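A closer look at the structure
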Amino acid sequence: MTAQLVAESLVKRFGGLTALDDVSLEIEAGELLGLIGPNGSGKTTLLNVLSGFYLADSGTAFFEGQKITGREPAVLAGRGIARTFQVTKIFRRISVLENLLVPGLVDWSAGRSTVIEKGQEILDLLEIGHLADGPAAEMSGGQAKLLEFGRIMMLDPKLVLLDEPFGGVHPMLKRLMHDRIRDWNGRGTTIILISHDMGSIFDLCGRVMTLQNGRVIANAAPEQVRNDPVVLQAYLGTQDGEAGRGL
Amino acid sequence: MNNQAKPIPSPAAATGLRRGILGLLVVAVFFAIPFLGLDEYWIYILTIGFYYGILASSWSLIVGYVGRISFAHAAMSGLGAYGSIFASTTFALPLYLAIPFAGVFTGLVGLAIGRLCLRLHGAYLGLTTIAFSEIVRITITAEHEITRGSLGLAAPALFESADRVQYYYSFLAVLLASLLVMWLVLRSRIGLFFAAIREDEDAAASLGVKVVRWKIFAFTFSSVIAGIAGAFYAHFIQLVAPSMMSLQEMGFILSMAVIGGFQNIFYAAMGGIVLEVLLEVLREIGEWRMAIFGAVVILVLRFAPNGLFGGFADYLASLGRRS
Amino acid sequence: MALFEQVVNGLIISIFYALAALGLSLIFGVLKIVNFAQGELYMLGGFVYYVFASLLGLPPVAAVLVAFAALFIVGALVERLLIDPIHAGKVERVDEYAIMITFGLAILLQNLMLGLFGPWTKRPDAILRGRVEIGELIISGDRLAAAGVGVLLIIAVLAFIRYTWAGKAIRAVSQDRETAGVIGVDARLTGMLAFGLGGALAGAAGALIGPVFLVYPTMGVIPVIKAYVIVVLGGLGSVPGAILGAFVLGQVESLATVLIPDTTRALAYKDAYGLVLLVLVLVFRPQGLFGERTRRA
Ligand SMILES: Nc1ncnc2c1ncn2[C@@H]1O[C@H](COP(=O)(O)OP(=O)(O)O)[C@@H](O)[C@H]1O
Ligand SMILES: [Mg+2]
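Owing to the predicted nature of the structure, the values given are computational and were not obtained by experimental measurement. (Residues numbered from 1 in each chain as written. Chains lettered and ligands numbered in written order. Predicted model: local features only at pLDDT ≥ 70, side-chain atom pairs only at ≥ 80, totals over all residues. Heavy atoms only, no water.)

**Some details on the sheet that holds strand 10 (residues 215-220) of chain A**
Paired through backbone hydrogen bonds, the strands of a sheet run either parallel or antiparallel to each other. Residues and elements named next belong to chain A. This is how it is decided: The rule for pairing is simple: two strands pair if DSSP sees at least two bridges between them. Numbering goes from the N terminus for both helices and strands, where a helix is a DSSP run of H or I of at least four residues and a strand is a run of E of at least two. What counts as an axis is a line fitted to C-alpha atoms, over the stretch in contact for a helix, and the angles between N-to-C directions run from 0 to 180 degrees. The criterion used for residue contact is that any of the two residues' heavy atoms lie within 4.5 Å.
Across the sheet, six strands lie side by side as 6-7-8-3-9-10; this open sheet has mixed pairing. Here the strands that pair on one side only, and so sit at the sheet edges, are strand 6 (81-83) and strand 10. Sheet twist, expressed as the mean angle between neighbouring strand axes with direction ignored, is 20 degrees. Contacting strand 3 (32-36), strand 6, strand 7 (159-163), strand 8 (190-194) and strand 9 (207-212), helix 1 (residues 43-50) runs over the sheet at an angle of about 150 degrees to strand 7. Strands strand 6 and strand 7 of the sheet are contacted by helix 5 (residues 141-153), whose axis makes an angle of about 165 degrees with strand 7.

**Here's the deal with the confidence of the model for chain B**
The condition is simple: Each residue carries a pLDDT score, the predictor's own confidence in it, on a scale running from 0 to 100.
Residues with a pLDDT of 70 or more make up 94% of chain B, whose mean pLDDT is 89. Per-residue pLDDT stays below 50 along residues 1-9 of chain B; that stretch engages in eight contacts with residues further than four places along the chain or on separate chains.

**Section: the interface of chain C and chain B**
It is common to report an interface's size as the accessible area lost on association of the parts. To keep it simple, the criterion reads: Accessible surface is computed with a 1.4 Å probe, and the buried area is the amount of it that two parts give up when combined, taken over both parts together. Counted as salt bridges are all cases of a side-chain nitrogen of Lys or Arg within 4 Å of a carboxyl oxygen of Asp or Glu. N or O atoms closer than or at 3.5 Å make up a polar contact, with two conditions inside protein: a donor-capable atom paired with an acceptor-capable one, and, for residues adjacent in sequence, both atoms drawn from side chains. Each residue gets one of three labels, nonpolar for Ala, Val, Leu, Ile, Met, Phe, Trp, Tyr, Cys and Pro, charged for Asp, Glu, Lys and Arg, and polar for the others, Gly among them.
Facing 45 residues of chain C, the contacting portion of chain B comprises 45 residues. In total, chain C and chain B occlude about 3900 Å² of area from one another, counting both sides; carbon and sulfur atoms represent 76% of this. Per-residue buried area on chain C facing chain B is highest for C:Arg93, C:Met100 and C:Phe103; these three make up 17% of the total on that side. Remark: the boundary between chain C and chain B carries zero salt bridges. The interface formed by chain C and chain B contains four residue pairs in polar contact (both at pLDDT 80 or more). Put simply, the parts of the chain that give the side of chain C that touches chain B at least two residues each are helix 3 (60-87), helix 4 (94-117), helix 9 (221-234), helix 11 (263-268) and helix 12 (270-284) of chain C. Among the elements that line the side of chain C that touches chain B, the one with the most residues is helix 4 of chain C, at 17 residues. Class assignment for the residues of the side of chain C that touches chain B results in 32 nonpolar, six polar and seven charged.

**Let's talk about the sheet that holds strand 2 (residues 17-27) of chain A**
All names here are of chain A. Taking strand neighbours across the sheet as the criterion, the four strands line up as 2-1-4-5 in an open arrangement whose pairing is antiparallel. Both outer strands of the open sheet, strand 2 and strand 5 (66-67), are each paired with one neighbouring strand and no more. Direction of pairing for strand 4 (residues 58-63) relative to strand 5: antiparallel, over a ladder of two bridges. Paired with Phe-62 across the strands is Lys-67, a residue of strand 5.

**Overview of the site of ligand 1**
All names here are of chain A. What counts is decided by this rule: A molecule or strand has a residue near it when one of that residue's heavy atoms lies within 4 Å. Using a 1.4 Å probe, accessible areas were evaluated by the Shrake-Rupley method; residue-level cover was limited to the displayed protein chains.
The environment of ligand 1 is made up of 13 residues, and the closest members are Gly-40, Lys-43, Thr-44, Thr-45 and Tyr-54. Note that an oxygen atom of ligand 1 is positioned 2.7 Å from one of the backbone N or O atoms of Gly-40. The contact in question runs from an oxygen atom of ligand 1 to an N or O atom on the backbone of Ser-41, over 3.2 Å. Burial of ligand 1 by the surrounding chains reaches 81%, relative to a free accessible area of 550 Å². The element best represented in the shell around ligand 1 is helix 1, accounting for three residues.

**Things to note about the pairing of strand 8 of chain A**
All names here are of chain A. Put simply, the test is: When a residue's accessible area, from a 1.4 Å probe over protein chains only, is under 20% of the maximum for its type it is buried; when over 50% it is exposed; and in between it is partly exposed.
Across the five residues of strand 8, five count as buried, placing the element largely inside the fold. Judged by which residues are buried, strand 8 turns out to be covered on both faces: Thr-190, Ile-192 and Ile-194 on one side and Ile-191 and Leu-193 on the other are all buried. Across five bridges, the pairing between strand 7 and strand 8 is parallel. By the bridge assignment, Leu-161 is partnered in strand 8 with Ile-192.

**Focus: the packing of aromatic side chains**
The cut-off we apply is this: To pair, rings of Phe, Tyr and Trp, with the six-membered ring standing in for Trp, must have centres within 6.5 Å; the planes then decide the type, stacked if under 30 degrees apart, edge-to-face if over 60, and tilted in the middle.
According to the stated counting rule, one finds 30 aromatic pairs over all chains in the structure shown. Between A:Trp108 and B:Trp214, the aromatic rings sit 6.2 Å apart at their centres with planes inclined by 35 degrees, giving tilted as the arrangement. Of this pair, A:Trp108 sits in the loop between helix 3 (96-105) and helix 4 (112-125) while B:Trp214 sits in helix 10 (residues 211-237), placing the two residues on different chains. According to the relative accessible area criterion, A:Trp108 is partly exposed, its value standing at 48%. For B:Trp214, a relative accessible area of 8% translates into the label buried. Geometrically, the ring pair formed by B:Phe101 and B:Phe105 is stacked, given 6.3 Å between the ring centres and 5 degrees between the ring planes. Remark: B:Phe105 and B:Phe101 occur in helix 4 (residues 95-116); sequence separation between them is four residues, near one turn of the helix.

**Focus: the pattern of salt bridges**
Any two side chains of opposite charge can pair, so long as their charged atoms come close to each other. Considering all chains together, one arrives at 20 salt bridges over all chains under this definition. Ionic pairing is found between A:Asp21 and A:Arg215, a salt bridge with its closest N-O pair at 3.2 Å. With a gap of 194 residues between them, A:Asp21 in strand 2 and A:Arg215 in strand 10 connect regions that are remote in the sequence. For B:Arg283, the salt bridge is made with B:Glu280, and the minimal N-O distance between the two is 2.9 Å. Relative accessible area serves as the criterion here: at 49%, B:Arg283 is assigned to the partly exposed category. Residues joined by salt bridges that share partners form a network here, namely A:Lys89, B:Asp200 and B:Asp202.

**Remarks on the coordination of the magnesium ion (ligand 2)**
Geometrically, a metal with four donors at the corners of a regular tetrahedron has ideal angles of 109.5 degrees, and one with six donors at the corners of a regular octahedron has ideal angles of 90 or 180 degrees. Residues and elements named next belong to chain A. To keep it simple, the criterion reads: For Na, K and Ca the donor cut-off is 3.2 Å, while for other metals it is 2.8 Å, and in both cases only N, O and S atoms qualify; water is not among them, so sites may look incomplete.
All of the protein donors around the magnesium ion (ligand 2) are Thr-44 (OG1) and Gln-86 (OE1); their distances to the metal are 2.0 to 2.2 Å. Note that Thr-44 is positioned in helix 1 and Gln-86 in the loop between strand 6 and helix 3, a separation of 42 residues in sequence. On the basis of relative accessibility, which here comes to 37%, the residue Gln-86 falls in the partly exposed class.

**As for the environment of A:Leu35**
Along the chain, A:Leu35 turns up in strand 3. Residues A:Leu35 and A:Asp107, 72 residues apart in the sequence, show an inter-C-alpha distance of 31 Å.

Here's what the structure looks like:
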């Protein structure tokens, strides 16, 4: 059996800049893959290609054996690929619960009352149930990240792509998010996690892939990556090579 | 879990109920008006006000709910008017077929424009729809052999008798019917998809909302309503000229929707009726009327984005909450 | 010779077009909004010129400068009162807000002037009267003078943007508002300056063209649509693009008119060609004919 997600030689250019340079990867169902790399190394771009937001210039990706490159984001969401955004994108001027109803009601066979019930359960699980009827615009940054989590939980996705979910999140909330991610993964969901927070990455991920200038420079278990001189060099080497211990 | 049945109706439901009752009262007043011995002239003006109510509310469906601007709405109404005239004269269709035909025709044009403008936002969409609107107006003016150009085209009357009250109730019925259809769509999950697209298109798409489909649907839907309104209008005033597609006319529709409250179809419709009546009441001050409306549009956008009716309703709701 | 005359006249029209479009582009460049009241600023310029040149008897060139200055103030005020709240975070739906509020402003200004001056056309005194003969070429003096001053004005604005510190601020904010802030440019002030300059250019255009095409409250309606076409052709926000776009539009209009044999219809469609171009460009090449595709959001 082939891997659940297979990407072959993805290339994405923006004008003269090659944001993804021949990126290939394979992920088995149920894996939790960390994706790291310095700013501008192409992490978000990879995620955008895998979720249908960018068209790859060349290369193909398959999910459960079906081609996903060139498909619309909404179609991919229907196939079980869900994502969050680095800059949180919540629906500000509808209620928190309604934010969850959007993905819930996309399935026309789902009835409104079941979807509402499920939405409320998820909000409770994320400990923002008390905010359900308030406008989403009034949430804090961290709560908004949780809401994004909740929205994709509504889809019961098979593959979850998380882009910097811990950015600007209070440590308490972060712990809650860790628990949710573990839970999720424990129930068989495949996850790709982009984060600058090395603690989270090493805590959570079974494998870590490192990008630099759009190329995969390392792809291994966390403990190996932690001591990989190439990775250290990528992160800190260009300015002051000696500071690498901080990782 | 705290999702047990709530014993007390939520404040939102209570104000919703109050607004519903208020709405029914307003409708009842409009039904009663012809019995109040009002001058025929005002019946006529109110009928035109209903026409603008349809246009203002269907315009705010795109702008207020889906968050996309359009300057082609007056042109859509005009296309409906001309479409129905051609259907009923050149093709000799009876009006009960010609008017739906006009609706379908404008719907198809709206579909085509919606399809073309899919990726455009904000100012780009504004400019493109202005261009469409002007192209339609110029074409109809230029093809004077068919359309009689700016002289305008005569339209067969909707009713044989010239009874104003008959027209009044017809237009009231069309207004209420289109509001009802829009309301049903907006309160279904489609309305939620509209809101998601308005708030964040990318997020909506990432959650499986067929953004393209719903944007085109909204544009088509609102065009159909505008087209039907235009068709009815043509058979009411019985003379249609390209000026009904002018940008001035579009500015008029925009003013009505914004001043009434473009984030709510009912407030926008009220804006249409009230502004049309005010235009007549203030006839003596001439062009100053529109200058005042322009100033009010600016003030409303800046300080009361829910419009005068929306702002008033919010105020009432806040009173209710306090007591 | 007739052809040459045609070319010169086409050129003069293109200069008028460029003048009308330049301000729109400048404003879009810095503030990323289309000012849908630009045609009314142009109209106000025409009226200021009419009042100062014809009613108060100022020398025409001085009256043009007055129109320029007056509309600079109007533009800057509009920016501070209506547009700046966007950047102060006081507005929820930025795109629609900017479009609708400038559209509302257009309604206000047009009807305000209708109320004040009535719908009648006025012909203010021109800078030059009569005809000018250059060899066998005969051009009406008012057009030639207007075009001449217009060219000077365009050059002055280009030089201002290119060489002055304020011009550099305009370019910096046009490219990237946030980065400009980081390097010490006051983006809010620059926005006000850009809108002021954009208004001033529209005002000067109205003042210069007023004696040729007459002054009346709806005089801005058609020119502003041409200006939309031009800035879209040249790429929204690009000042050189706007100038290039003006010449493209001038040529397209004169060419397309020749293509339709029935002259009355050809004339009736004259204003539509540019609009068709606008739609094609926005749908298929939104960065304009000459612009490069830029980074999305
Ligand atoms: N839409 C875009 N247009 C142009 N350049 C882009 C776009 N998206 C990303 N880039 C560029 O591609 C590179 C990779 O960006 P990104 O994937 O966001 O990096 P990361 O998420 O790893 O920080 C950066 O140089 C960025 O500027
Ligand atoms: Mg990123």
